[in-house]
Amino acid sequence: MALLETKDLSINFGGLWAVNGVDFEINSGEVVGLIGPNGSGKTTFLNLISGIYPATRGTAIFNGEDITKAKPFEIYNKGIARTYQSSRLCWDLSVADNVMIGLYKNQKSSLTQAVFRPGKVNRELADNLQEAMDMLCYFNPDLVDHRYDLTKNIPHIDRRRIEISRALVGQPKILLLDEPTAGLNDDETMSMMRDIGKIKEKIQDICIIIIEHDMKVMKEVPERIFVFNAGEKIAEGTYDDVVHDADVIRAYLGGAKA
Ligand SMILES: Nc1ncnc2c1ncn2[C@@H]1O[C@H](COP(=O)(O)OP(=O)(O)OP(=O)(O)O)[C@@H](O)[C@H]1O
Ligand SMILES: [Mg+2]
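Everything numeric in this text was worked out from a predicted model, so none of it was measured.

Let us look at the overall build of the protein chain. Helices and strands together make up the secondary structure of the protein chain, namely 11 helices and 10 strands. The C-alpha atoms of the protein chain give a radius of gyration of 19 Å, which matches the 18 Å a tight globule of 258 residues would have. Counting all 258 residues of the protein chain, 47% fall into the buried class. Residue pairs in contact within the protein chain that sit at least 24 positions apart in sequence constitute 68% of those at least 6 positions apart. For the protein chain, the exposed surface amounts to about 12500 Å²; the carbon and sulfur share of it is 51%. Considering the protein chain, the positive charge centre built from 30 side chains and the negative charge centre built from 37 side chains are found 5 Å apart.

Set out below in structure tokens:
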């Protein structure tokens, strides 16, 4: 059984089918890529499977459970975490606080305990801080020295690492990465590709769905690629399969669908 399977997943925004009839599946431990021209529905597809938008039609089954109508926090708690195309970090919080947000779902202490048993709460926060630092250190040890800096003062690539760390501390089964190399130069893109490899080394059975325009990344990182055009999935296969597919070439170069 696939870890995540969508059938006929679709959403209509005022007459526009942003995602239309998408059948998709990913198995435990797989890394898959989503490509497609601008506006082809890639981000909207991630928004559907992370519960940000309700589907107009179709289903999403995760780990045998229907999550089509689940709320974003419920889907996160079940094990699908994500990063965003434009950063969703809290700029005026420290690096450490941003990562610790990802541990909130595991927090056992209550507000009442914060008042009457502050020692217990402080111990839990200290454990969370350590866990957040271990994750950051795994991607870039220098970030640990900057743990109390405001996130707005951190370089762009490290902000991406903070977002990935925040997603990973919640121990997701699926990680959704929406254009993790956007805005990075060539060297930084190579570093980010190594970071994605390190995620797989650390958590071998994690699934990753990665949206990316950079075909270098798509050639190296995913095992399978799905291609979207005008909201529809037009091809699926290895990098070599999809770059030679006639519909894919037409979608990128323009012209009618075969
Ligand atoms: N909330 C919304 N309301 C109305 N239309 C939307 C909304 N979100 C997305 N769309 C439209 O849906 C289509 C798909 O957008 P989406 O952001 O998913 O594309 P994308 O493939 O991620 O593009 P890009 O590569 O530029 O990030 C676009 O036409 C977009 O304008
Ligand atoms: Mg997008």
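Next up on the list: the coordination of the magnesium ion (ligand 2). Surrounding the magnesium ion (ligand 2) are the protein donor atoms Thr43 (OG1) and Gln85 (OE1), which sit 2.0 to 2.2 Å from the metal. In this pair, Thr43 sits in helix H1 (residues 42-49) while Gln85 sits in the loop between strand S6 (80-82) and helix H3 (95-100), placing the two residues 42 residues apart along the sequence. Assessed through its relative accessible area of 23%, Thr43 is described here as partly exposed. Judged by its relative accessible area of 36%, Gln85 falls in the partly exposed class.

This part covers the pattern of salt bridges. A full pass over the atoms with the stated rule returns 12 salt bridges. Among the salt bridges present, the one from Arg224 reaches Glu30, with a minimum N-O distance of 2.8 Å. One end of the pair, Arg224, is in strand S9 (residues 224-229); the other, Glu30, is in the loop between strand S2 (16-26) and strand S3 (31-35), with 194 residues separating them in the sequence. Take Glu30: its relative accessible area is 12%, and that puts it in the buried class. Residue Asp214 pairs with Lys216 through a salt bridge whose shortest N-O separation is 3.3 Å. The network of salt bridges with common partners includes Glu30, Arg224, Lys233 and Glu236.

Surveying the vicinity of ligand 1 reveals 15 residues, the closest of which are Gly39, Lys42, Thr43, Thr44 and Gln85. Contact distances for ligand 1 include 3.1 Å between an oxygen atom and a backbone N or O atom of Ser40. At 2.8 Å, a side-chain N or O of Lys42 approaches an oxygen atom of ligand 1. Contact with the protein chains covers 65% of the free accessible surface of ligand 1, which is 640 Å². The set of elements that each furnish at least two residues to the shell around ligand 1 consists of S2 and H1. No other element matches the 3 residues that H1 contributes to the shell around ligand 1.

Let's shift gears to the pairing of S9. In terms of residue burial, S9 counts as a mostly covered element, since 5 of its 6 residues are buried. For S3 and S9, the ladder comprises 4 bridges, and the chain directions are parallel. Note on S9: the bridge partner recorded for Val32 is Arg224. The hairpin formed by S9 and strand S10 (residues 232-237) contains 2 residues between the paired strands, and Ala230 there has a positive phi angle of roughly 50°.

Following both chains from N to C, one finds helix H7 (residues 156-169) and helix H8 (residues 186-202) inclined at 15°, their axes separated by 11 Å at the closest point. Relative to H8, the element H7 is oriented roughly parallel. Like other packed secondary-structure pairs, H7 and H8 cross with a definite hand, here right-handed. Residues Ile157, Arg160, Arg161, Ile164 and Leu168 of H7 form the contact with H8, whose own contacting residues are Glu188, Ser191, Met192, Asp195 and Ile199. Classifying every residue of the contact of H7 with H8 by side-chain character gives 5 nonpolar, 1 polar and 4 charged.

Formed by 43 residues in total, the largest nonpolar core has its most connected members in Ile162, Leu168, Leu175, Ile199, Ile208 and Val227. For this core, the element with the highest residue contribution is H7, accounting for 6 residues. Both domain 1 (1-79 + 172-258) and domain 2 (94-166) contribute no fewer than three residues apiece to this core. Dropping the residues within four chain positions of it, Leu175 is found in contact with Ala81, Arg82, Ala167, Leu168, Ile199, Ile206, Cys207, Ile208 and Ile209. Counting residues in hydrophobic clusters, the runner-up holds 28 residues, among them Ile11, Ile67, Ile80 and Phe228.

Moving on to the domain arrangement of the protein chain. Assigned domains of the protein chain: these are domain 1 (1-79 + 172-258) and domain 2 (94-166). Between domain 1 and domain 2, the C-alpha centre-to-centre distance is 28 Å. Counting from both sides, the interface comprises 17 residues of domain 1 and, opposite them, 11 residues of domain 2. Between domain 1 and domain 2 lies a buried interface of about 1300 Å² when both sides are counted; carbon and sulfur atoms form 62% of it. Area buried by domain 1 at its contact with domain 2 is led by Tyr76, Lys198 and Lys202, which between them contribute 34% of it.

Cut-offs applied
Numbers given for residues are sequential positions, taken from 1 along each chain in its written order. Chain labels run from A onward and ligand labels from 1 onward, assigned in the order the entries are written. Under the rules for a predicted model, residues below a pLDDT of 70 receive no local features and side-chain atom pairs below 80 are neither given nor counted, while totals for whole chains, interfaces and linings still include all residues. Computation of side-chain values covers all heavy atoms of the structure but excludes hydrogens and water. Put simply, DSSP marks the helices as runs of H or I at least four residues long and the strands as runs of E at least two long, and each gets a number from the N terminus on. Taken over C-alpha atoms, the radius of gyration is set against a globule rule of 2.2 Å times the number of residues to the power 0.38. Relative accessibility thresholds used throughout: buried, under 20% of the residue-type maximum; exposed, over 50%; partly exposed, between the two (1.4 Å probe, protein chains only). Any two residues whose heavy atoms approach within 4.5 Å are treated as being in contact. Only the protein chains shown count as cover for residues, and the accessible areas themselves come from Shrake-Rupley with a 1.4 Å probe. His is not counted, nor are the chain ends; Lys and Arg add positive charge and Asp and Glu add negative charge. Here the site of a charge means NZ on Lys, CZ on Arg, CG on Asp, or CD on Glu. Coordinating N, O and S atoms are those within 2.8 Å of the metal (3.2 Å for Na, K and Ca), and as water is not part of the atoms, a site may appear to have fewer donors than expected. By definition, a salt bridge exists where a carboxyl oxygen of Asp or Glu is found within 4 Å of a side-chain nitrogen of Lys or Arg. Working definition: residue near molecule or strand if any one of its non-hydrogen atoms lies within 4 Å of it. Any pair of N or O atoms that falls within 3.5 Å is considered a polar contact. Within protein, one atom must be able to donate a hydrogen and the other to accept it, and sequence-neighbouring residues count only if both atoms are side-chain atoms. For two strands to be treated as a pair, DSSP must find at least two bridges joining them. Axis definition: a line fitted to C-alpha atoms, over the contacting stretch in the case of helices. Angles run 0 to 180 degrees between N-to-C directions. Oblique is the label for any angle not under 35 degrees, not over 145, and not in the 65 to 115 range, which are roughly parallel, roughly antiparallel and roughly perpendicular in turn. A clockwise turn of the near helix away from the far one marks a right-handed crossing, whereas an anticlockwise turn of less than a right angle marks a left-handed crossing. Residue polarity follows a fixed list, in which Ala, Val, Leu, Ile, Met, Phe, Trp, Tyr, Cys and Pro are nonpolar, Asp, Glu, Lys and Arg are charged, and the others, Gly among them, are polar. By nonpolar core we mean a set of buried residues, namely Ala, Val, Leu, Ile, Met, Phe, Trp, Tyr and Cys, connected to one another through side-chain atoms within 4.5 Å. Residue ranges assigned to the domains are those given by an automatic or database domain assignment. Take the accessible area each of two parts loses on contact, using a 1.4 Å probe, and add the two losses: that sum is the buried area.

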